[in-house]
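Architecture at a glance
Take a look at the letters that make up each chain.
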Amino acid sequence: MELMVLLNALVTRLLFVLHSLIGVWRVTAVKKEPKYWLLALLNLLLCLETGLTLKFKQGRGYKWFSPAIFLYLICIVPSLWLLEIHHGTQYCGNEPGAVQVNVSNPDFNQSRDSSHGSEGTGHHIIQTAKVLVNQLSTICETVWTLALHQTFLLLLVVGRWLLPIGVEITRDQLSQLLLMFVGTAADILEFASETLDIEDVRKNYALINAILAVWTWSMLQFPLDLAVQHIGCKPAASTRRIPSLLLCRYSAELWNIGVSLFIQDGPFFIVRSILMGHFRIFNQMLVFFTAKNILVVTLQLYRLAVITIDFRATILQKSRKGEVSCCPCEPYEASTHANTDQDTEIKEFVAFPPKEESQAPSEDQ
């Protein structure tokens, strides 16, 4: 096992555990009930996954799926749910995000004066840490929650970058995936912060739960790597049906379209439409992002139509030449013993060719 692979695998999971523990600490501090420390037990799943990955995969990732990212979601999402549902009433000053250590604090000055001895340095560090923790505790709850949301999404991207990749995914594919995750994380953060900050939404407990449910659903795309990987298909008879051929050639594009329509932009559009249509909640940003979701969904449907037309034209061209290919890189001649039902299906799929049947459509078309 390479040392860097082992180090990256352990450091990344350690960051996940630490961030999850910070979220549990904030829930315990807000709720003022020690029983919420039981949420920290969820990290045992991540520890178990770490041991299994190091033993069976030598620290490297899996194909199409990242168990570490998925278990990190399980560890941190319950804490963020509790913080958002609570949405405390702690007052925020003019500069809620500023963390300033009060050097005039008697304990701090006393620790500085006692630092002349050999034991004074250690005492000074401990007292300084206590003062810093106290100052952090005075930051208002809403700022803490937003900071956890921001660091959570940043850590998802950075963690996916640091996690060792498997043999099935290349570095070029990983770079594409990370760029997609950055844009996705920004959209998800905007959705959560923009909708949950509306005063009328905060007064409706059921609406808060619905928004958090959609937010959680949108997070499930991060453990998956299907957006940059094509499904490998062999020129077997079982893969020559039309849906299989379509999925084989355009697997990554179809996954991107599916994520946008059913996991991200589609659900976001539905939630924002309900806020404006049913609850009569309007503001400039809500209208803008609703229009943006409409545009993205429309473009994705247009992209799906383009893919279908291109695929149909390719099938028509291949059927006239007597060959059917699964992927552009894997053409093969049609067998003389091809299944009659499969040939019939292809003919039905291209039953409405262009007007000039004598000429096959060009690649530009």
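For the structure itself, consult the block above.
Now for a look at the structure at hand. In this text, all values refer to a predicted model and were calculated from it rather than measured experimentally.

Comments concerning the overall build of the chain
When helices and strands are tallied, the chain shows 14 helices and zero strands. Along the chain direction, N to C, the helices and strands of the chain fall in the order α-α-α-α-α-α-α-α-α-α-α-α-α-α. For the chain, the share of sequence-separated contacts (at least 6 apart) that also reach a separation of at least 24 residues comes to 77%. Entry remark: accessible area of the chain is about 20,400 Å², with carbon and sulfur atoms responsible for 64%.

Regarding a nonpolar patch on the surface
Where nonpolar side chains cluster on the molecular surface, the patch consists of Met4, Leu7, Val11, Leu14, Leu15, Leu18, Leu21, Val158 and Leu162 and spans about 710 Å² of accessible area. Among the elements that make up the nonpolar patch, the one with the highest residue count is helix H1 (residues 3-31) (seven residues). For leucine 14, the position within the fold is in helix H1.

Remarks on the packing of helix H10 (residues 242-249) against helix H13 (residues 284-321)
Running from N to C, H10 and H13 cross one another at 115°; their axes reach a closest spacing of 11 Å. Handedness of the crossing formed by H10 with H13: right-handed. From H10, Ile242, Leu245, Leu246 and Arg249 reach across to H13, where they touch Ile307, Phe311, Thr314 and Ile315. Along the lines of polarity and charge, the residues of the contact of H10 with H13 split into six nonpolar, one polar and one charged.

Here's the deal with empty space enclosed by the protein
Taken as a whole and assessed by the stated rule, the structure comprises two cavities of 30 Å³ or more. What the largest cavity holds in volume is close to 120 Å³. Where the lining of the largest cavity is concerned, the elements lending two or more residues are helix H2 (43-56) and helix H3 (67-86). A per-class count over the lining of the largest cavity returns eight nonpolar, five polar and five charged. Counted as a void, the second largest cavity has a volume near 30 Å³. Around the second largest cavity sit Asp187, Glu190, Gln264, Asp265, Phe268, Arg272, Phe289, Lys292 and Asn293, which together line it. Those elements that place two or more of their residues in the lining of the second largest cavity are helix H7 (171-196), helix H12 (265-277) and H13. Taken together, the residues that form the lining of the second largest cavity break down as two nonpolar, two polar and five charged.

About the cut-offs
- All residue numbers refer to position in the chain's written sequence, counted from 1.
- Under the rules for a predicted model, residues below a pLDDT of 70 receive no local features and side-chain atom pairs below 80 are neither given nor counted, while totals for whole chains, interfaces and linings still include all residues.
- Side-chain metrics rest on all non-hydrogen atoms present in the structure, leaving aside hydrogens and water.
- Helix and strand definitions follow DSSP, with helices as H or I runs of at least four residues and strands as E runs of at least two, each counted in order from the N terminus.
- Only heavy atoms matter for contacts: two residues are in contact if any of them lie within 4.5 Å across the pair.
- What sets the accessible areas is the Shrake-Rupley method with a 1.4 Å probe; for residues, cover comes only from the shown protein chains.
- The patches reported here contain residues having more than 30% relative accessible area and no salt bridge. Joining distances are 9 Å for like charges and 5 Å for nonpolar side chains (Val, Leu, Ile, Met, Phe, Trp, Tyr).
- One side-chain nitrogen of Lys or Arg within 4 Å of one carboxyl oxygen of Asp or Glu is enough to make a salt bridge.
- Here the axes come from fitting lines to C-alpha atoms, over the contacting stretch only for helices, and the angles between their N-to-C directions go from 0 to 180 degrees.
- For any helix crossing, the convention is left-handed if the near helix is rotated counterclockwise from the far helix by under a right angle, and right-handed if that rotation is clockwise.
- Under the scheme applied here, ten amino acids are nonpolar (Ala, Val, Leu, Ile, Met, Phe, Trp, Tyr, Cys and Pro), four are charged (Asp, Glu, Lys and Arg), and all others, including Gly, are polar.
- Grid points spaced at 1 Å over the protein atoms alone were grouped into cavities, where a 1.4 Å probe fits but cannot get out, and pockets, open sets with protein on both sides within 12 Å along at least five of seven lines, with lining residues defined by an atom within 4 Å of a point.
- Grid points are joined across faces, edges and corners, and a volume is the space filled by probe spheres set on the points.

Everything listed is a geometric property; what it means functionally is a separate question.
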